[in-house]
Amino acid sequence: MMRPLVFLLLLALLGGIVQEQSNRLQQRPTILKLGPVPHAGLVRATTGEHLTALSFRTVISVMFYFGSFFEKHTNRMQDAPEYLSMYNHLKHAVQLDPYNVDAYYFAEAAFTWELGRAKEVNSLLDYGMKYRTWDYQLPFFAGFNAAYFLKDYATAARYMQLAAERSNNPLFTKLAARYFHESGQSAMGLAFLDTMEKGAKSDRVRQIYHQRKEALLAVNAIESALEEFQMRYQQLPESLSELVTKGLFDEIPSDPYGGKFYLAADGKVRSSSKFVMQSLENEKKPVDTE
Amino acid sequence: MTLINQVTLTLRSVLSDRILHAICGVAVLLVVLVPVFSSFSMRQVQESSIGLALSASSLVLLVLATQLGASSVFREVDRRYTSSVLTLPLSRGEFVAGRFLGLSLFLLLTTIILACGSALVILYATSTYPSARPIAWLTLFLAFGTDLLKYILLMAIAMFFSTLSTSFTLPFFCTLAVYLAGSASQEVFEYITGSLGDQMPAMLRTLTELTYYLLPNFSSFDLHVQAVYGLDVNLGDVALSLLYAVVYTSIVLWAAIVCFKRRELP
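Since the model is a prediction, treat every value here as computed from it, not as a measurement.

A short note on the interface of chain A and chain B
On the chain B side, the residues contacting the 22 residues of chain A number 27 residues. Together, the buried faces of chain A and chain B total about 2200 Å²; carbon and sulfur atoms form 61% of this surface. The three residues of chain A that bury the most area against chain B are A:Glu49, A:Phe56 and A:Trp134, which together make up 29% of that side's buried surface. Joining chain A to chain B, the criterion identifies one salt bridge. The salt bridge partner of B:Lys150 is A:Glu49, with a shortest N-O separation of 2.9 Å. At the boundary of chain A with chain B, the tally comes to 12 residue pairs in polar contact (both at pLDDT 80 or more). If you list the elements that add at least two residues to the side of chain A that touches chain B, you get helix H3 (40-47), helix H4 (51-72) and helix H6 (101-111) of chain A.

Some points on the layout of surface pockets
Space inside the largest pocket adds up to approximately 630 Å³. A:Arg44, B:Ser219, B:Asp222, B:Val225 and B:Gln226 are, among the 27 residues lining the largest pocket, the residues nearest its centre. Elements represented by at least two residues in the lining of the largest pocket include exactly H4 of chain A together with helix H7 (169-193), helix H9 (224-229) and helix H10 (235-262) of chain B. The dominant element in the lining of the largest pocket, judged by the number of residues it contributes, is H7(B), at four residues. Classifying every residue of the lining of the largest pocket by side-chain character gives nine nonpolar, 10 polar and eight charged. Of the voids in this model, the second largest pocket is the one considered here, and its volume is about 380 Å³. Lining the second largest pocket are 16 residues; nearest its centre among them are A:Ala53, A:Phe56, A:Arg57, B:Phe37 and B:Leu52. For the lining of the second largest pocket, the leading source of residues is H4(A), giving six residues. Looking at side-chain class alone, the lining of the second largest pocket contains 12 nonpolar, three polar and one charged residues.

Quick look at the confidence of the model for chain B
Caution is warranted with low-pLDDT regions, since their predicted coordinates should not be read in detail. Per-residue confidence for chain B averages 89 on the pLDDT scale, and 99% of its residues sit at or above 70. Element-level pLDDT for chain B is lowest in helix H4 (residues 81-85) of chain B, with a mean of 74, against a maximum mean of 95 in helix H6 (residues 137-164) of chain B.

What to know about the side chain of B:Gln67
Topologically, B:Gln67 is positioned in helix H3 (residues 45-78). For B:Gln67, the contacting residues outside a window of four places in its chain are B:Ile19, B:Leu20, B:Ile23 and B:Phe168.

Some thoughts on the packing of H6(A) against helix H7 (residues 118-131) of chain A
Residues and elements named next belong to chain A. Here H6 crosses H7 at 170 degrees, and the two axes come no closer than 10 Å. The orientation of H6 with respect to H7, classified from their angle, is roughly antiparallel. In contact with Tyr104, Ala107, Glu108 and Phe111 of H6, H7 contributes Ala118, Val121, Leu124, Leu125, Tyr127 and Gly128. By residue class, the composition of the contact of H6 with H7 is eight nonpolar, one polar and one charged.

With respect to empty space enclosed by the protein
According to the stated counting rule, one finds two cavities of 30 Å³ or more in the structure shown. Estimates place the volume of the largest cavity at around 60 Å³. Residue lining of the largest cavity: A:Thr52, A:Ala53, A:Phe56, A:Asp97, A:Asn100, B:Gln44, B:Glu47, B:Ser48, B:Gly51, B:Leu52, B:Val228 and B:Tyr229, and that is the complete set. Secondary-structure elements contributing two or more residues to the lining of the largest cavity are H4 of chain A together with H3 and H9 of chain B. Here the element with the most residues in the lining of the largest cavity is H3(B); it accounts for four residues. Residue composition of the lining of the largest cavity, grouped by class: five nonpolar, five polar and two charged. Looking at the second largest cavity, its volume works out to about 40 Å³. The wall of the second largest cavity is formed by B:Gln46, B:Glu47, B:Ile50, B:Arg133, B:Pro134, B:Ile135, B:Ala136, B:Ala227, B:Val228, B:Tyr229 and B:Gly230. Secondary structure elements with two or more residues in the lining of the second largest cavity: H3 and H9 of chain B.

Parameters and conventions
- Numbering of residues starts from 1 in every chain and runs along the sequence as written.
- To read the labels, note that chains go from A and ligands from 1, taken in the order they are written.
- Side-chain atom pairs in this predicted model are given and counted only at pLDDT of 80 or more, local residue features only at pLDDT of at least 70, and totals for whole chains, interfaces and linings cover all residues.
- Side-chain calculation: all heavy atoms of the structure are included, whereas hydrogens and water are not.
- In what follows, residue pairs with any heavy atoms lying within 4.5 Å of each other are defined as contacts.
- Note: buried area is the sum, over both parts, of the accessible area (probe 1.4 Å) each one loses when the two are combined.
- Every case where a carboxyl oxygen of Asp or Glu lies within 4 Å of a side-chain nitrogen of Lys or Arg is listed as a salt bridge.
- In protein, a polar contact means a hydrogen-donor-capable atom and an acceptor-capable atom, both N or O and within 3.5 Å, with residues adjacent in sequence counting only if both atoms are side-chain atoms; elsewhere, any N or O pair within 3.5 Å suffices.
- Put simply, DSSP marks the helices as runs of H or I at least four residues long and the strands as runs of E at least two long, and each gets a number from the N terminus on.
- Each cavity reported here is a set of points on a 1 Å grid over the protein atoms alone in which a 1.4 Å probe fits but cannot get out, each pocket an open set with protein on both sides within 12 Å along at least five of seven lines, and each lining residue one with an atom within 4 Å of a point.
- Grid points are joined across faces, edges and corners, and a volume is the space filled by probe spheres set on the points.
- Amino acids outside the nonpolar list (Ala, Val, Leu, Ile, Met, Phe, Trp, Tyr, Cys, Pro) and the charged list (Asp, Glu, Lys, Arg) are all regarded as polar, and Gly is one of them.
- pLDDT gives the predictor's per-residue confidence on a scale running from 0 to 100.
- Between N-to-C directions, angles cover 0 to 180 degrees, with each direction set by a line fitted to C-alpha atoms, over the stretch in contact for helices.
- Working rule for angles: under 35 degrees goes down as roughly parallel, over 145 as roughly antiparallel, 65 to 115 as roughly perpendicular, anything else as oblique.

See the structure below:
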């Protein structure tokens, strides 16, 4: 009679201890939750062929740690997780296995929008690009970060160029060309588009590249005329139509995307189409941007 | 009593060993859990499942190789099995070689089962989130093959220590030490032969280099990263690793036979 009672008592005691233990473990500081970051060289030397599994485990523990914040606060984080520790663990994970795409993807998701650490994420992505030579997503992420967060269009264009070369996706080509234009490197954009057009297998894709190239050529021509105008009159024209009245152009080149070129306030040549194909309705609307 | 009889006897005795049944049970559980763990991955379920399956298999083979090798000779001596079997027309050399071949055959069978089981769970895991890159099946099976070579070599080392010892503890821990040192030797060697090694005392450097050449280099058998991400494998390197395993294992086995021949048996 006593034995089952003692057994049940022990079970109940264990239940209580487990509950208390779980509460305490959840309150542990990050250094204990994620653990200190061990020296990558030492880990590499001692874990042999288990590096990929260990790298996977490191990323998963960071993801779980980060996810626990959302769970607690129903999709709204009150306490900020320790991003530096998370970043160091992700860096450690890619030092163990530089091919681990989860680490790059998670860094892109967690450190750019939330913290604006695009520069650090791009350095991590740069590391991954050296190994994942087939992967177009890493240069795409880095290109997006450079353009959207860092406003560094020249770097963004280079990343998008790499993404385009790896994927053969016209979208990346368009983005690269646009960023080349934004950074004032239209000539480089033209050379890039020319290469992509020649290498395209499908007629449709070739046509897309051609259209983008035509747009950039037009921009290039207008920019040259603007330079000429500035040399002659020591100032920029008020609108592009002044280039025609002063005899630098017979007419302003047309935008193959259906828009109309204009001189923006920052002195750059832009188009009302933003180099995106216009619908018929839009084409009919008068453009009053000059 | 021939060598073939000894091989068959060894294989039979291993297959009926309850401890090994338990280890194999754990192996099945590990492999079955691969799709569960790999599903936590965000973008590389396929790659994670391959990595975890290879790691699980490697871990099981490590336990089997050290357990079987470290207990193989000393246990037979302890049970006085050698006293009776060596009265038959079977030399001590044939006894050790027979046991080694029987145990290697068991490791081969286990690797085949683990590889097939892993292939099934990888296929299942991949079906939930297919990767843009196809599975490099040939590289995957090559990775299982090189793992097998590595653990056969490790088992030979464990058998060598077992022929010297009168207990399980010494050969087990010595084998484990060789395994850890052999896995780290390449990294250490590259470290000391680099610019950082110039600051080390010349004596220590020479000693480390000598140890590097003496210890088995297990890094050359590691094809896990290539199998996980479908990277190119240099078949020349694999052939060299095969040759290295055969030669190194033969030397260790020869040393084990010499030691066993000189040993006084009860």
